[in-house]
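Structure assessment
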Amino acid sequence: MVVDPTQKYFNNLFYDSAIPVLILDPDSGKIIIANLAAEKFYGWSTDQLSRMNINQINTLSPEQISKEMRVAREQKRSFFKFNHRLKSGEIRNVEVFSKKINISGKAHLHSTIHDITESIKAETELKISEERFRAMIEGAPDPIFIQTNHRFAYLNKRAVMLFGAKSENEILGTPVMERFHPYYHDKIIRRIKTLNEDKKEVLKPLEQKFIRLDGSEVWVETTGEPIFYKGLHGALVFARDISDRKKLEESYKKSLSFNNALIESTPLATFSADRQGNVLTWNRASEKIFGWKAHEVIGKKLPTIPPEKKQEFEDHLNTINKKESISKKEVIRLRKNGERFYGRLFTVPIFDNSGEAIAIMANIEDITEQKLAQQKLILLSRAVEQSPDSVLITNRKGTIEFCNPALLRISGYSKEEVIGETPRIFSSGNKTKKEYQQLWHTITTGKVWEGEFLNKKKNGDSYWESTTISPIINSYGEITHYLAIRKDITHQKKINQELIEAKEQAEESDRLKSAFLSNMSHEIRTPMNSIMGFASLLPEEESKELIMQYGKIIYQNSEQLVNIIDGIIMYSKLQTRQFTYNPTHFNINKLFDDLSGAFEISETPRDVSLLIEKQGNEDLTIFTDHEKLRQILYNLIANAFKYTHKGTIKAGYYLHEDDITFYVSDCGIGIPQHDLPHIFERFYRGGNINEATVRGTGIGLSIVKELVDLLGGNIWAESEEGKGSTLFVNTKLNR
């Protein structure tokens, strides 16, 4: 088959084209053929593409496609804007240029594909940049405007006011030369060329006149910088209204008397000096700003110059010979009290009738507050960066656009992981959907939201933050961003919780102390009443048997009273740290024999017996505080007798390799489960104890606990209500 050279050329042109090309059936949307550039762009092979339909690539709905085609016709575009899906799933913005071609007698569409994704992204970023630029310029205190093609392209509010317009639209698009005084046109044309064409900065400010819309003139000082604005080269012009200063300069030239009146009325420190620096005039503003009265300085050397600035002042005096002025130079000057301040200096030479410069007139504007404001802005910027609190800024959709280092340090995320995400990345899920809805309602209506979040770090750790979220509003009153300042209050939360718990414990301790004192009163009064009552009966009683019975009762109650007092004294000594640890070697089995003997001769319930369970060698010796261990075991056994009405109390020990565990087990009333965590607390008594039948102070087990702590051991209890309790004491086995 002979291939027409022209056809071969066009085949090569189609397949080798660097631009993706698809041949489509306009009726069905089927892709007839695709070139290699389309294969590279979409990710499917040309063979796969030739078996696909364009609807598998174009993500727009039929309605959206029809709308785009209608808009293209209205805009007289030869291309359509679609969203195409690649094999990877990525969606790309494309411009499709289609034209009809005839293949084998049938009309087809020859479509070239141009990827404009990055272009659209760049346009979006440019728009955001322009909005930020506009917001910054609009807030500037001086007039600012942009010219492109010798016409006004933008004016801020100050510039609109300067030209005497009601709105920007009155001046926008008009020739800039209409607003410049004709006297300065040649200079302005050269400056515009320097900025627009040569793209060089104008280094020196230019004093000139603007023509306002009403025809009046205004003196301004302008500087400019080259700028690329909306696709065009132009100039960003900064202007300052210097009409007052120019009038002042002109007034000086008219008459000395008028100068004096004007000088005295100005709020600027205004004074004059001769060639040697001797003060000639000194206005009231100078007195106010510098602190020296006129009579203190006139005829003397100017006292406002700091020692290190003497040479600078000499240079200023030399401008008299050169007949030059100084404008807006920032200087440092002295007040009478020795304080230094920032000033903005303006000077003009003073001429005699022959035109010779004989002195210098100076204005000083106190700009200390302005300098401090600038420093504060710098400080604020650094403060945000160095703040220990987290700071983040989101757009209106909640996407994070800025975060400071503190947020990254606290959360554990990197900046790349945070930017582009939403604050949900930190969420621990402790807030409900309704709470988030209320938050968004607050900030989207322009109000400030304050609250707390339990957030989660990258490593999964939780932390509390006190958060303030404020809307950021532009000059049009629109919310553009949201600012969140978040303070880590995890430690504060912990302290607050500890304070609450301590307060609750203190309140409980106070309540128990009150109960203890009330109980003590009753515990002491009961045996005392018995002692006093039966003692009063003895002198009148003749029966020897009754006298012995009364004596026994008096002895028993006296013993009970002594035990109560001993307990109080021991508790007091423990609280005041009067007990010390005095270890000795002793036989543990002998200690249990002594305890058994002590309870055999004491008054114990008849139906309750004590069983001592020994283990190991009869000569087992340990090294600890004998008296305190005896007191611990004695109190535990006595406590068991108190709450056991029938059965056997067991006391003994278990030997381990390095330690020993003592136990006292009873079959008494037991301890409710909810009381177990509290039984070693001071003044605490179980909820199942009948106060009428079983008396107690509530400090017995707390004394035991403190004695065990003194030995460096541990104590715990196991119990089942109604079946009895077992108390364990574990300590090191020192031999």
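We now turn to the structure provided with this report. (Residues numbered from 1 in each chain as written. Predicted model: local features only at pLDDT ≥ 70, side-chain atom pairs only at ≥ 80, totals over all residues. Heavy atoms only, no water.)

Helix and strand counts for the protein chain come out as 21 helices and 27 strands. Buried residues in the protein chain amount to 39% of all 735 residues. In the protein chain, of all internal contacts separated by at least 6 residues, the share reaching a separation of at least 24 is 50%. About 43,000 Å² of surface is accessible on the protein chain, with carbon and sulfur atoms providing 53% of the total. (Helix = DSSP H or I, 4+ residues; strand = E, 2+ residues; numbered from the N terminus. Buried < 20%, exposed > 50% of the residue type's maximum accessible area, 1.4 Å probe, protein only. Contact = heavy atoms within 4.5 Å. Areas by Shrake-Rupley, 256 points an atom, 1.4 Å probe, with all protein chains shown as cover.)

Across the sheet, five strands lie side by side as 17-16-20-19-18; this open sheet has antiparallel pairing. Looking at the sheet topology across the chains shown, the edges are occupied by strand 17 (400-403) and strand 18 (449-456). Sheet twist, expressed as the mean angle between neighbouring strand axes with direction ignored, is 30°. Where strand 19 (residues 462-473) meets strand 20 (residues 479-488), nine bridges bridge the pair, whose relative direction is antiparallel. Along strand 20, the bridge assignment pairs Ile473 with Ile479. (Pairing = 2+ DSSP bridges. Axes fitted to C-alpha atoms, helices over the stretch in contact; angles between N-to-C directions.)

End to end, helix 16 (residues 433-444) covers 16 Å across twelve residues, agreeing with the expected 16 Å (1.5 Å per residue, within 8%). All buried positions along helix 16 are accounted for by Leu439, Thr442 and Ile443. Along the axis of helix 16, the buried residues cluster in a sector spanning 90°; they form a single face. Summarising the geometry of helix 16, the exposed residues directed more than 90 degrees from the buried face are Lys433, Lys434 and His441. Residues of helix 16 that are buried in the fold lie against strand 18, strand 19 and strand 20. A positive phi of about 85° marks Gly446, the residue just after helix 16. (Expected span 1.5 Å × (residues − 1). Arc of directions from axis to C-beta.)

We now examine the side chain of Thr422. Within the secondary structure, Thr422 sits in the loop between helix 15 (415-418) and helix 16. Among all residues touching Thr422, those that are not within four sequence positions of it are Gly398, Thr399 and Ile400.

So, about the sheet that holds strand 6 (residues 144-148). Pairing is antiparallel across the open sheet formed by five strands, whose spatial order is 7-6-10-9-8. Edge positions in the open sheet fall to strand 7 (151-155) and strand 8 (206-211), since each of these has one partner strand only. In this sheet, adjacent strand axes meet at a mean angle of 40° when their direction is disregarded. Of the pairings in the sheet, the one linking strand 9 (residues 217-229) to strand 10 (residues 232-241) comprises ten bridges and is antiparallel in character. The partner of Ile227 across the bridge, within strand 10, is Gly234.

With twelve residues, helix 7 (residues 185-196) ought to run about 16 Å at 1.5 Å a step, and its terminal C-alpha atoms sit 16 Å apart, in line with that. When helix 7 is considered as a whole, its buried residues turn out to be Ile188, Arg191, Ile192, Leu195 and Asn196. Here the buried residues of helix 7 occupy an arc of 120° about the axis, which is enough to place them on one side. Counted as exposed and oriented over 90 degrees from the buried face of helix 7: Asp186 and Arg190.

Moving on: the packing of helix 20 (residues 626-642) against helix 21 (residues 700-711). Two elements in contact, helix 20 and helix 21, have axes whose closest approach is 10 Å; the angle formed by their N-to-C orientations is 150°. As judged from the angle between their axes, helix 20 and helix 21 are roughly antiparallel. Seen from above, helix 20 lies across helix 21 with left-handed handedness. Residues Lys628, Leu629, Gln631, Ile632, Asn635, Leu636 and Asn639 of helix 20 touch helix 21, and the partners they reach there are Gly700, Leu701, Ile703, Val704, Leu707, Val708, Leu710 and Leu711. When grouped by side-chain class, the residues that make up the contact of helix 20 with helix 21 number ten nonpolar, four polar and one charged. (Parallel < 35°, antiparallel > 145°, perpendicular 65-115°, else oblique. Left-handed = near helix turned anticlockwise from the far one by under 90°. Nonpolar A, V, L, I, M, F, W, Y, C, P; charged D, E, K, R; others polar.)

Here the focus is the pattern of salt bridges. For the coordinates displayed, the defined rule picks out 31 salt bridges. A salt bridge links Glu296 to Lys336; its shortest N-O distance comes to 2.8 Å. One end of the pair, Glu296, is in helix 11 (residues 294-297); the other, Lys336, is in the loop between strand 13 (326-334) and strand 14 (340-351), and 40 residues separate them in sequence. With its nearest N and O atoms 3.6 Å apart, the salt bridge here joins Arg333 to Glu312. Of the two residues, Arg333 is situated in strand 13 and Glu312 in helix 12 (residues 310-322); the sequence distance between them amounts to 21 residues. When salt bridges with common partners are traced through the structure, they connect Glu207, Glu221, Arg245, Lys246 and Lys328 into a single cluster. (Salt bridge = Lys/Arg side-chain N within 4 Å of Asp/Glu carboxyl O.)

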